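# Structure at a glance
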Amino acid sequence: MRRTPGWEKALRYLLMLLVLAVTVGPFLWQLSTSFKGTTEDVYTSPPRFLPAHPTAGNYAEVADIIPVWDYALNSLEVAVASVLTNLAGASMAGYALARLRFRGRAVAGHAFVLALLVPLESVIIAQFTMVRDLHLNNTLTAVVLPGSVGALNVLLMRNAFAAVPHEIEEAAVVDGANVWQRFTRIALPSVRGTLAVVAIFSFMGAWDDFLWPLIVLSDSENFTLTVGLNFLHGTFAQNPRLVAAGTIIAVAPLVVMFACLQRYFFRGVGEGAVKG
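Residues numbered from 1 in each chain as written. Predicted model: local features only at pLDDT ≥ 70, side-chain atom pairs only at ≥ 80, totals over all residues. Heavy atoms only, no water.

## Thoughts on the overall build of the protein chain
Which entries qualify depends on this criterion: By definition, any uninterrupted DSSP run of H or I lasting at least four residues is a helix, any uninterrupted run of E lasting at least two residues is a strand, and each is numbered from the N terminus. Any two residues having at least one pair of non-hydrogen atoms within 4.5 Å are treated as being in contact. Here, Shrake-Rupley sampling with a 1.4 Å probe gives the accessible areas, and only protein chains in the shown set may cover a residue. The charge count includes Lys and Arg as positive and Asp and Glu as negative, but it does not include His or the ends of the chains. Charge placement uses NZ in Lys and CZ in Arg. For Asp and Glu, CG and CD serve respectively.
The helix and strand tally for the protein chain stands at 13 helices and zero strands. Scanning the protein chain from its N terminus toward the C terminus, one meets helices and strands in the order α-α-α-α-α-α-α-α-α-α-α-α-α. If one aligns the C-alpha atoms of the protein chain with their principal axes, the spans along those axes are about 75 × 65 × 30 Å. Within the protein chain, contacts between residues separated by at least 24 positions form 74% of all contacts whose residues are at least 6 apart in sequence. Carbon and sulfur atoms make up 66% of the accessible area of the protein chain, which totals about 16300 Å². Measuring between centres, the 19 positive side-chain charges of the protein chain sit 16 Å from its 18 negative side-chain charges.

As structure tokens, this is what we get:
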């Protein structure tokens with residue numbers, strides 16, 4: 001094996017540190033700002049990263065201004081429902097595309113690929129009209145419905161199921177297993193990593209969504225967290241400490257979820273990678 005020169009290794013570490021600073025730096029700055037008190041200037045030059053007198057009062061003030069925990073509960077309900085519907089729908093659709101033989105299978109696969117190319121803004125009016133005709137507007141069900149089965153998740157599951165050796169299912173067919181038994185007892189346990197990826201993607205997409213809940217929800221009691229945090233922005237002025245605290249409250253569940261599922265996530269990325 002060729003030994004890596006010292007300058008090349010140093011360049012790699014420098015690039016990794018640069019990427020880390022660009023990706024993680026803003027989050028750490030928001031975290032630091034959320035603990036700065038009202039007497040501390042957040043616009044000092046040069047910037048001061050660590051708060052001089054850390055305080056958790058900003059988080060309590062956020063809860064006083066808006067019902068942040070009620071909004072967080074609404075977001076949690078939407079995110080959990082999105083995870084469950086995507087796990088069920090994407091896994092069944094992916095298994096059908098990968099293993100079952102039926103007329104129009106290739107067309108259905110291409111339809112999911114084309115769905116990835118359609119921007120949300122081009123169909124959002126049609127989505128709103130649909131939920132209004134179903135009398136679901138201003139409900140959390142309307143927030144969940146458009147993203148209940150994501151096209152990307154279906155493709156991930158299709159490729160994960162396609163990578164499972166056919167010999168395993170053929171042995172199950174010899175033993176008399178039907179399609180549903182092969183799906184639940186053989187296919188699903190073999191793609192646990194991809195299921196974790198779908199769960200993370202679905203949770204993050206539903207938790208972070210802002211535009212669609214803003215359009216479909218009108219009563220403040222039904223607001224999700226991303227929409228409710230918008231009240232922290234004043235018309236003529238805003239407190240960056242409160243905005244930072246609200247941001248950390250919104251991001252914390254995503255960090256916890258990824259930390260719990262990261263082992264399955266990295267394994268699942270390889271299982272269900274979308275191949276050309």
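## Focus: the environment of Leu155
Following the sequence through the fold, Leu155 ends up in helix α7 (residues 151-162). The spacing of Leu155 and Pro51 is 104 residues in sequence and 45 Å in space, taken between C-alpha atoms.

## Quick word on a nonpolar patch on the surface
Cut-off, in case you're wondering: Each patch is built from salt-bridge-free residues with over 30% relative accessible area, joining like charges within 9 Å and nonpolar side chains (Val, Leu, Ile, Met, Phe, Trp, Tyr) within 5 Å. Salt bridges, as used here, are contacts in which a Lys or Arg side-chain nitrogen is within 4 Å of a carboxyl oxygen on Asp or Glu. Partly exposed residues are those whose accessible area sits between 20% and 50% of the maximum for their type, while under 20% is buried and over 50% is exposed, using a 1.4 Å probe and protein chains only.
Taken together, Leu17, Leu20, Val24, Phe27, Leu28, Phe49, Leu50 and Val255 make up a surface patch of nonpolar side chains, about 700 Å² in accessible area. At five residues, helix α1 (residues 6-34) tops the list of elements feeding residues into the nonpolar patch. Here Leu50 falls in the exposed class, since its relative accessible area comes to 61%.

## Quick word on the packing of α7 against helix α10 (residues 192-208)
We count it as follows: To obtain each axis, a line is fitted to C-alpha atoms, and for helices this fit is confined to the stretch in contact; angles are then taken between N-to-C directions over 0 to 180 degrees. Reported orientations rely on four angle classes, namely roughly parallel under 35 degrees, roughly antiparallel over 145, roughly perpendicular from 65 to 115, and oblique for the rest. Each residue is assigned to one class: nonpolar for Ala, Val, Leu, Ile, Met, Phe, Trp, Tyr, Cys and Pro, charged for Asp, Glu, Lys and Arg, and polar for all the others, Gly among them.
Relative orientation of the contacting elements α7 and α10 amounts to 175 degrees, with a least axis distance of 10 Å. With respect to α10, the element α7 is oriented roughly antiparallel. In this structure, α7 contributes Leu152, Asn153, Leu156, Met157 and Ala160 to the contact, and α10 contributes Thr194, Leu195, Val197, Val198, Phe201 and Ser202. Residue composition of the contact of α7 with α10, grouped by class: eight nonpolar, three polar and no charged.

## Focus on the packing of aromatic side chains
How we decide: Aromatic contacts are taken between Phe, Tyr and Trp rings whose centres are within 6.5 Å, Trp giving its six-membered ring; a plane angle under 30 degrees counts as stacked, one over 60 as edge-to-face, and the others as tilted.
For the structure shown, the criterion picks out nine aromatic pairs. Plain terms: the ring middles of Trp180 and Phe183 are 5.6 Å apart, the flat faces sit at 45 degrees to each other, and that makes the pair tilted. Of this pair, Trp180 and Phe183 both sit in helix α9 (residues 179-190), three residues apart, roughly one helical turn. A relative accessible area of 53% means that Trp180 is categorised as exposed.

## A closer look at unusual backbone geometry
Even without being a glycine, His135 presents a positive backbone phi close to 60 degrees. As for its placement among the helices and strands, His135 is situated in the loop between α5 (120-133) and α6 (140-144). For His135, a relative accessible area of 68% gives the class exposed. The backbone phi angle of Asn138 is positive, close to 65 degrees, even though this residue is not glycine. Take Asn138: its relative accessible area is 15%, and that puts it in the buried class.

## Regarding the pattern of salt bridges
Tallied over the entire structure, the rule returns three salt bridges. Close ionic contact of Glu8 with Arg12 constitutes a salt bridge, the shortest N to O distance being 2.8 Å. Here Arg12 and Glu8 lie together in helix α1, a separation of four residues that amounts to about one turn. The exposure class of Arg12 is partly exposed, given its relative accessible area of 46%. One salt bridge connects Glu169 with Arg99, and the closest N-O pair in it is separated by 2.9 Å. Separated by 70 residues along the polypeptide, Glu169 in helix α8 (residues 166-174) and Arg99 in helix α3 (residues 68-99) bring together distant segments of the chain. Each of the two residues, Glu169 as well as Arg99, counts as buried. Each of Arg99, Glu169 and Arg182 takes part in one network of salt bridges that share partners.

## A few points about the nonpolar core
Condition: Side-chain atoms within 4.5 Å are what join buried Ala, Val, Leu, Ile, Met, Phe, Trp, Tyr and Cys residues into a set we call a nonpolar core.
Membership of the largest hydrophobic core comes to 36 residues, with the highest contact counts inside it found for Val62, Ile66, Phe203, Trp207, Val216 and Leu225. Secondary-structure elements contributing two or more residues to this core are α2 (57-65), α3, α5, α6, α10, α11 (211-216), α12 (225-228) and α13 (240-271). Among the elements that make up this core, the one with the highest residue count is α13 (eight residues). Here Phe203 is in contact with Leu76, Ala79, Val83, Leu254 and Met257, once residues within four sequence places are set aside. By size, the runner-up hydrophobic cluster in this structure holds 13 residues, among which are Ala90, Met157, Ala187 and Val198.

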